Amino acid sequence: MNATVPDLLVYEGEKKGLIDKSIGQSVCWSFKSTWDDLPDAGAHYCDVYDNKIANNIKQDDFFIVTHSLGSRITIDTLNRFAADREHCEECKKLDGLNATLQNETITVFMLANQLPLLQVGQKQPTITGVTGEYCMPDGAHYNERLIGKVRIVAFNDPNDILSYPIPPDYADKYIDSRFCPEIVNVDINVAQPKDLFGVTELANPLEAHVGYLDDDRVSALITNGLDRSHMNPLITERCNWTEYATKQKK
């Protein structure tokens, strides 16, 4: 608790605005420039209102890996981006960028996410619960979607007391529908249970919170996914999976 909870308090306090701006700039630079084009030194501002960004988005695949509080920061960044677009006259001139984003899939891998906990007391986005209207080709607002799809893959260790599976209806309630959000939960024991006096097994909750990148299965799922045609042998041998579908709301 002492190792992780203070981060939450700092983010929800007076530093939230600075952290949000920093993340927004990081995302902007990732979209706008190649590694060699990034400034070497000095103070620089990345202007997201630039049609040239579309060229990079077309040729690259973008994904985000978050840990713990990073899950909340990422959702806040997305929802803030959507809110800013509602009153942005300059954004309407970015036809090339807007069209490119509407056909892009951005995958967010969340390790030890805290979304259900940190949603308490948060303000909901303006447009929720109408994903079908924005994301289905026959939807009334299909041409107004912001991104083709935001796919969230949430890794959760049941022994971690500070992370949670994301409920199936979370995206419908708390993520702007114009992102066409999709959620997948992956339950995985990254902390190995140990025998406790022959009575029961107990896993270290701190290891369960921070041990994801030390688990080869997590890396294999991030890089290879669950495509049956080229599934990593490690996943085939050590994981089971259950597929289910939920009806998308119109």
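Described below are features of the structure shown in this document. (Residues numbered from 1 in each chain as written. Predicted model: local features only at pLDDT ≥ 70, side-chain atom pairs only at ≥ 80, totals over all residues. Heavy atoms only, no water.)

1. Here we look at the overall build of the protein
Piece 1. Scanning the protein from N- to C-terminus turns up 11 helices and six strands.
Piece 2. Taking 250 residues into account, the globule formula puts the C-alpha radius of gyration at 18 Å, and the protein, at 20 Å, falls close to it.
Piece 3. Looking at the protein as a whole, 40% of its 250 residues are labelled buried.
Piece 4. Sequence separation of 24 or more characterises 75% of the internal contacts of the protein that already satisfy a separation of 6 or more. (Helix = DSSP H or I, 4+ residues; strand = E, 2+ residues; numbered from the N terminus. Rg over C-alpha atoms; globule rule 2.2 N^0.38 Å. Buried < 20%, exposed > 50% of the residue type's maximum accessible area, 1.4 Å probe, protein only. Contact = heavy atoms within 4.5 Å.)

2. Digging into the environment of G70
Piece 1. Looking at the element boundaries, G70 is found in helix 4 (residues 70-86).
Piece 2. G70 sits 47 residues away from I23 along the chain, and the two C-alpha atoms are 9.9 Å apart.

3. Description of the nonpolar core
Piece 1. The biggest cluster of nonpolar side chains holds 24 residues, and the ones touching the most others in it are I75, I152 and F179.
Piece 2. In this structure I152 touches I75, V108, M110, I166, I175, E182, I183 and V184, once residues within four positions along its chain are discounted. (Core = buried A, V, L, I, M, F, W, Y, C linked by side-chain atoms within 4.5 Å.)

4. A word on unusual backbone geometry
Piece 1. Positive phi is not limited to glycine here, since S68 has a value of about 55 degrees.
Piece 2. The topology assignment puts S68 in the loop between strand 1 (63-67) and helix 4.
Piece 3. Judged by its relative accessible area of 9%, S68 is buried.
Piece 4. Here C180, not a glycine, exhibits a phi torsion of approximately 50 degrees, which is positive.
Piece 5. Inspection of the secondary structure puts C180 in the loop between helix 8 (170-174) and strand 4 (181-187).

5. With respect to the state of the cysteines
Piece 1. Within this structure, the stated rule accounts for two disulfides.
Piece 2. Residue C28 pairs covalently with C46 via a disulfide, S to S 2.0 Å. In this structure, the disulfide formed by C28 and C46 twists by about -75 degrees around the S-S bond and is classed as left-handed. One end of the pair, C28, is in helix 2 (residues 16-32); the other, C46, is in the loop between helix 2 and helix 3 (53-59), and 18 residues separate them in sequence. In this pair, the class of C28 matches that of C46, namely buried. (Disulfide = S-S within 2.5 Å.)

6. Thoughts on the sheet that holds strand 1
Piece 1. Taken together, the four strands give an open sheet; going across it, the order is 1-2-3-4, and neighbouring strands pair in parallel fashion. At either margin of the open sheet sits one strand with a lone partner, and together these are strand 1 and strand 4. Between one strand axis and the next, the sheet turns by 15 degrees as a mean value, whatever way the strands run.
Piece 2. Pairing analysis gives seven bridges linking strand 3 (residues 149-156) to strand 4, with the strands arranged parallel. When the sheet's bridge partners are listed, F155 is paired in strand 4 with V186.
Piece 3. This element, helix 4, spans strand 1, strand 2 (105-111) and strand 3 of the sheet and lies at about 135 degrees to strand 1.
Piece 4. Along the sheet, helix 10 (residues 216-224) makes contact with strand 2, strand 3 and strand 4, crossing strand 3 at roughly 170 degrees. (Pairing = 2+ DSSP bridges. Axes fitted to C-alpha atoms, helices over the stretch in contact; angles between N-to-C directions.)

7. Section: the pairing of strand 2
Piece 1. With respect to burial, strand 2 is a largely interior element, six of its seven residues being buried.
Piece 2. Bridging between strand 1 and strand 2 involves five bridges; their strand directions are parallel. By the bridge assignment for strand 2, I64 is matched with V108.
Piece 3. Where strand 2 meets strand 3, seven bridges bridge the pair, whose relative direction is parallel.

8. Some words on helix 10
Piece 1. What helix 10 keeps buried is the set R217, V218, A220, L221 and I222.
Piece 2. Buried-residue contacts for helix 10 involve strand 2, strand 3, strand 4 and helix 11 (233-238).
Piece 3. Downstream of helix 10 by a residue or two, G225 has a phi angle that is positive, lying close to 70 degrees.

9. Comments concerning the pattern of salt bridges
Piece 1. Throughout the structure, instances matching the rule amount to 10 salt bridges.
Piece 2. Put simply, D20 and K16 hold a salt bridge, and the shortest N to O gap is 4.0 Å. Placement of both D20 and K16 in helix 2 is noted, with a separation of four residues, approximately one turn of the helix.
Piece 3. Three or more residues joined by partner-sharing salt bridges are found here, namely K16, D20, R72, D76 and R80. (Salt bridge = Lys/Arg side-chain N within 4 Å of Asp/Glu carboxyl O.)

10. Examining the environment of P167
Piece 1. Within the fold, P167 resides in the loop between strand 3 and helix 8.
Piece 2. For P167, a relative accessible area of 31% translates into the label partly exposed.
Piece 3. Residues P167 and I57, 110 residues apart in the sequence, show an inter-C-alpha distance of 30 Å.
Piece 4. Beyond its immediate chain neighbours, meaning those up to four positions away, P167 contacts P116 and I183.

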